[in-house]
Amino acid sequence: MTPSTLLLLLADGRFPAGAHAHSGGLEAAVGAGRVTDLATLAAFLRGRLATAGLVGAAFAAAAHRAAGQPDRAGLLALLDAELDARTAAEALRRVSRRQGRALLRAGKAVWPTAGFADLPTAGGGPHQPLVLGLLSAAAGLTRPETALTAAYQTVTGAASAGVRLLGLDPYRVQALLVDLAAACDRTAAEADRAAGEPPWRLPAAAAPLADIHAEVHATWEVRLFAS
Amino acid sequence: MRAVARLVAHPDGRGGTRLTELAGEPPLLLRRTGHRGPVAEVYVVGAAAGPLAGDDLRLEIEVTTGAAVRVHTVAASVALPGRVGATSRMMVSARVHPGAALHWLPEQTVAAAGCAHLAESRVEVAEGATLTWRDELICGRHAEEPGDAVLHTVVDLAGRPLLRQTLAVGPQAPGWSGPAVLGGAPATGSLLVLHPDRPADPPWVHPGGTAARLPLAGGPATLWTATAPDAHTLRSHLEP
């Protein structure tokens with residue numbers, strides 16, 4: 001199947017869902033002195049892709065799968081609870097739901113006929129990967145494309161934040177992303193395979209510093225990024 | 001080596017706890033060492049080095065309404081390489097009934113060079129039960145890079161997901177020692193505290209920026225998570 005323009009539109013950082021306002025935990029990692037240059041940024045992106053990237057992509061793919069199921073609302077509620085259980089830091093749950101809200105606002109405007117009413121919003125908005133999954137389904141993207149979009153966004157957002165936070169050479173940061181492309185493809189493929197499993201078996205890759213960084217960042221009074 | 005151990009606790013009718021089953025097989029042996037008030041104290045006594053790749057060890061714990069158990073291990077377990085291509089497995093599954101209490105406070109798991117280890121915890125906690133659950137992982141013995149180790153934790157509260165975490169370290173885990181995951185720390189772990197009468201504490205981060213208190217979404221539960229330069233410092237963050 002030929003990849004579609006819709007895939008590029010949804011994956012594009014310019015899609016109006018506020019992605020540019022988030023650093024994916026990089027700002028706090030820079031603040032803690034753990035990311036200082038290209039090499040440490042590369043290690044950060046690799047670790048983020050294997051943890052938050054895999055989990056987010058699997059949940060986006062699972063929501064895409066749920067979109068076409070008869071018990072869609074029940075499945076989405078399960079996915080919501082399962083994703084909460086994989087997000088130990090309250091700050092990260094809040095960020096996911098805030099990003100989900102922003103993406104939903106854009107999605108409703110772009111695809112007004114697609115139904116999003118059954119998205120669980122109890123914790124302050126729907127989790128971002130669930131919105132992305134439903135949006136991708138509404139746009140007619142495939143499940144592997146959905147997983148790829150999610151995995152791709154977890155590294156590109158943090159990478160461009162790296163350019164701003166550390167004043168890195170954007171060409172060399174782009175070269176890092178090119179080096180990561182194969183790993184991103186593999187992560188998306190793994191997430192897509194996992195999405196065929198029941199919700200409780202979805203990946204739960206954890207990163208202690210992601211939780212710690214998120215809670216530190218939430219206490220900062222002055223910051224460049226929302227997360 | 002394959003071994004299954006099983007511990008079942010009931011109230012003894014006098015405010016204490018009676019262990020109606022306490023059975024193990026080498027290298028997984030259980031010893032009752034006494035009690036602290038109503039809480040029965042049990043030690044897992046490792047009778048061999050390891051686990052070695054290829055070993056499959058399972059421990060099942062059930063604590064019924066009104067009983068309380070505290071489980072320790074006598075020493076750290078060191079996951080070692082064994083049969084080529086094989087994985088060592090340590091699975092602890094626990095069921096805690098309403099009004100029961102389980103405190104699982106083992107010593108560390110050390111992932112030695114070349115190991116392939118999976119540590120799985122599966123806990124079902126009923127509404128109104130108390131749980132303390134600690135997991136600590138040391139990545140490599142002294143000045144050694146670890147093999148592959150995966151810590152997989154699944155906790156359900158009243159049939160709903162409370163905690164799902166898989167921490168992977170070693171050559172097969174991309175970026176595990178980098179600034180997104182452990183930041184070069186060789187020791188990491190978590191302590192889950194679930195108390196039915198006590199709401200979870202608000203988020204808090206240790207001034208050193210290496211440990212945090214995280215209230216969970218799915219119930220009155222708090223997860224302490226930490227990274228540390230050594231086992232001793234790690235433990236100081238994860239004392240219940």
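Because the structure is a prediction, the values reported are computed rather than measured. (Residues numbered from 1 in each chain as written. Chains lettered and ligands numbered in written order. Predicted model: local features only at pLDDT ≥ 70, side-chain atom pairs only at ≥ 80, totals over all residues. Heavy atoms only, no water.)

Engineer: What exactly am I supposed to notice about the overall build of chain A here?
Structural biologist: Counting its regular elements, chain A contains 9 helices and 0 strands. When the helices and strands of chain A are placed in sequence order, the string is α-α-α-α-α-α-α-α-α. What you see for chain A is a C-alpha radius of gyration of 16 Å, in line with the 17 Å of a compact globule of 227 residues. With respect to the three principal axes, the spread of C-alpha positions in chain A is 50 × 40 × 35 Å. For chain A, buried positions account for 53% of its 227 residues. (Helix = DSSP H or I, 4+ residues; strand = E, 2+ residues; numbered from the N terminus. Rg over C-alpha atoms; globule rule 2.2 N^0.38 Å. Buried < 20%, exposed > 50% of the residue type's maximum accessible area, 1.4 Å probe, protein only.)

Engineer: What exactly am I supposed to notice about the side chain of threonine 146 of chain A here?
Structural biologist: Residue and element names in this part refer to chain A. By the element assignment, threonine 146 lies in helix H7 (residues 143-166). Its relative accessible area of 0% is what places threonine 146 among the buried residues. From its side chain, threonine 146 meets the backbone oxygen of threonine 142 in a polar contact 2.8 Å long. Apart from the residues within four sequence positions on either side, threonine 146 is in contact with Ala60, Ala61, His64, Leu132, Gly133, Ser136 and Leu141. (Polar contact = N/O pair within 3.5 Å; in protein donor to acceptor, adjacent residues only side chain to side chain. Contact = heavy atoms within 4.5 Å.)

Engineer: Explain the pairing of strand E4 (residues 39-46) of chain B to me, please; I cannot follow it from the model alone.
Structural biologist: The two faces of the sheet receive side chains in turn, since in a regular strand these alternate between them. All names here are of chain B. By the bridge criterion, 8 bridges tie strand E3 (residues 28-36) to E4 in an arrangement that is antiparallel. Looking at the pairing, leucine 29 lines up with valine 45 of E4. Once E3 ends, the chain turns through 2 residues before running back antiparallel as E4, passing glycine 37 with a positive phi of about 60 degrees. In the sheet, E4 pairs with strand E6 (residues 68-73) via 5 bridges, with the strands oriented parallel. Bridging from a neighbouring strand, valine 44 pairs with threonine 73 of E6. (Pairing = 2+ DSSP bridges.)

Engineer: Is there a simple way to explain the interface of chain A and chain B in this structure?
Structural biologist: One frequently used descriptor of interface size is the decrease in accessible area upon assembly of the parts. Across the boundary between the two partners, chain A contributes 32 residues, which contact 31 residues of chain B. Summed over both partners, the interface of chain A with chain B buries about 2,500 Å², with 66% contributed by carbon and sulfur atoms. Looking only at chain A, the three residues that lose the most surface to chain B are Ala85, Pro208 and Ile212 of chain A, adding up to 21% of its buried area. Counting across the chain A and chain B interface gives 1 salt bridge. (Buried area = accessible area lost by both parts, 1.4 Å probe. Salt bridge = Lys/Arg side-chain N within 4 Å of Asp/Glu carboxyl O.)

Engineer: So what exactly am I meant to see when it comes to unusual backbone geometry here?
Structural biologist: Keep in mind that most residues, glycine aside, have a negative phi and that most peptide bonds are trans. Residue and element names in this part refer to chain B. That bond from proline 26 to proline 27 is cis: its omega, 5 degrees, falls within 30 degrees of zero. Mapped onto the secondary structure, proline 27 falls in the loop between strand E2 (17-23) and E3. Residues other than glycine seldom take positive phi values, yet alanine 143 does so here, at roughly 50 degrees. Within the fold, alanine 143 resides in the loop between strand E12 (130-139) and strand E13 (148-157). We note that alanine 158 has phi near 50 degrees; this positive angle belongs to a residue other than glycine.

Engineer: Explain the packing of helix H4 (residues 72-85) of chain A against helix H6 (residues 128-138) of chain A here, please?
Structural biologist: All names here are of chain A. In contact at an axis separation of 10 Å, H4 and H6 are set at 145 degrees when each is read in the N-to-C sense. From H4, Arg72, Leu76, Leu79, Asp80 and Leu83 reach across to H6, where they touch Pro129, Leu130 and Leu134. For the contact of H4 with H6, the residue count by class is 6 nonpolar, no polar and 2 charged. (Axes fitted to C-alpha atoms, helices over the stretch in contact; angles between N-to-C directions. Nonpolar A, V, L, I, M, F, W, Y, C, P; charged D, E, K, R; others polar.)

Engineer: Explanation requested: the packing of aromatic side chains in the structure shown.
Structural biologist: Any pair of aromatic rings gets described here by the distance separating the centres and the angle formed by the planes. All names here are of chain B. Under the criterion given, the structure shown has 2 aromatic pairs over all chains. Look at tryptophan 204 and tryptophan 224: their rings are 6.3 Å apart centre to centre, the planes differ by 65 degrees, and that puts the pair in the edge-to-face class. Of this pair, tryptophan 204 sits in strand E16 (residues 204-205) while tryptophan 224 sits in strand E18 (residues 221-228), placing them 20 residues apart in sequence. For tryptophan 204, a relative accessible area of 37% translates into the label partly exposed. (Phe/Tyr/Trp six-rings, centres within 6.5 Å; stacked < 30°, edge-to-face > 60°.)

Engineer: It is not clear to me how helix H5 (residues 90-110) of chain A should be interpreted in this structure. Could you clarify?
Structural biologist: Structural remark: α-helix, 3.6 residues per turn; residues separated by three or four positions point the same way. Spanning 21 residues, H5 of chain A covers 30 Å between terminal C-alpha atoms, matching the ideal 30 Å at 1.5 Å per step. All of the buried residues along H5 of chain A are Ala91, Arg93, Val95, Ser96, Arg97, Gly100, Ala102, Leu103, Leu104, Ala106 and Gly107 of chain A. (Expected span 1.5 Å × (residues − 1).)

Engineer: Teacher, can you tell me more about the nonpolar core here?
Structural biologist: One recurring pattern in soluble globular proteins is that nonpolar side chains are buried together. Counting 75 residues, the largest nonpolar core has Phe15, Leu41, Phe44, Leu45 and Leu79 of chain A together with Leu137 and Val169 of chain B as the members making the most contacts within it. Counting residues per element, this core draws most heavily on helix H3 (residues 38-67) of chain A, which supplies 15 residues. With sequence-adjacent residues up to four places away left out, leucine 79 of chain A is seen in contact with Phe59, Ala62, Ala63, Ala66, Leu130, Pro199 and Leu202 of chain A. By size, the runner-up hydrophobic cluster in this structure holds 45 residues, among which are Ala88 of chain A together with Leu30, Leu192 and Leu223 of chain B. (Core = buried A, V, L, I, M, F, W, Y, C linked by side-chain atoms within 4.5 Å.)

Engineer: Just to check I follow, could you spell out the environment of phenylalanine 44 of chain A for this structure?
Structural biologist: Within the secondary structure layout, phenylalanine 44 of chain A lies in helix H3. Exposure remark for phenylalanine 44 of chain A: the relative accessible area of 3% places this residue in the buried category. Note: C-alpha distance between phenylalanine 44 of chain A and alanine 29 of chain A (15 residues apart in sequence) is 8.6 Å. Those residues within four positions of phenylalanine 44 of chain A in sequence are excluded, and the remaining contacts are Gly24, Gly25, Leu26, Ala29, Val35 and Ala158 of chain A together with Pro179 and Ala180 of chain B.

Engineer: Which parts of the structure should I look at to understand H4 of chain A?
Structural biologist: The terminal C-alpha atoms of H4 of chain A lie 20 Å apart, and with 14 residues this matches the ideal 20 Å at 1.5 Å per residue to within 8%. Within the sequence span of H4 of chain A, burial applies to Arg72, Leu76, Leu79, Asp80, Ala81, Glu82, Leu83, Asp84 and Ala85 of chain A. Structurally, H4 of chain A contributes buried residues whose contacts are with H3, H5 and H6 of chain A together with strand E14 (160-169) of chain B.

Engineer: Any chance you could explain a positive patch on the surface here in plain terms?
Structural biologist: On the surface, Arg98, Arg101, Arg105 and Arg223 of chain A cluster together to form a positively charged patch. Structurally, the position occupied by arginine 98 of chain A is in helix H5. (Patch = residues over 30% accessible without salt bridge, like charges linked within 9 Å, V, L, I, M, F, W, Y side chains within 5 Å. Areas by Shrake-Rupley, 256 points an atom, 1.4 Å probe, with all protein chains shown as cover. Lys, Arg positive; Asp, Glu negative; His and termini not counted. Charge placed at Lys NZ, Arg CZ, Asp CG, Glu CD.)

Engineer: Would you take a moment to explain the packing of H3 of chain A against H6 of chain A for this structure?
Structural biologist: Angle between the axes and distance between the axes: these two values describe a pair of packed helices. All names here are of chain A. It is at 7 Å that the axes of H3 and H6 come closest, and there the two elements cross at 45 degrees. Taken together, the axes of H3 and H6 lie oblique to each other. In terms of crossing hand, the pair formed by H3 and H6 is right-handed. On the side of H3, the interface is formed by Gly56, Phe59, Ala60, Ala63, His64 and Ala67, while H6 contributes Pro129, Leu130, Leu132, Gly133, Leu134, Ser136 and Ala137. (Parallel < 35°, antiparallel > 145°, perpendicular 65-115°, else oblique. Left-handed = near helix turned anticlockwise from the far one by under 90°.)

As far as function goes, none of this settles anything; it's purely spatial.
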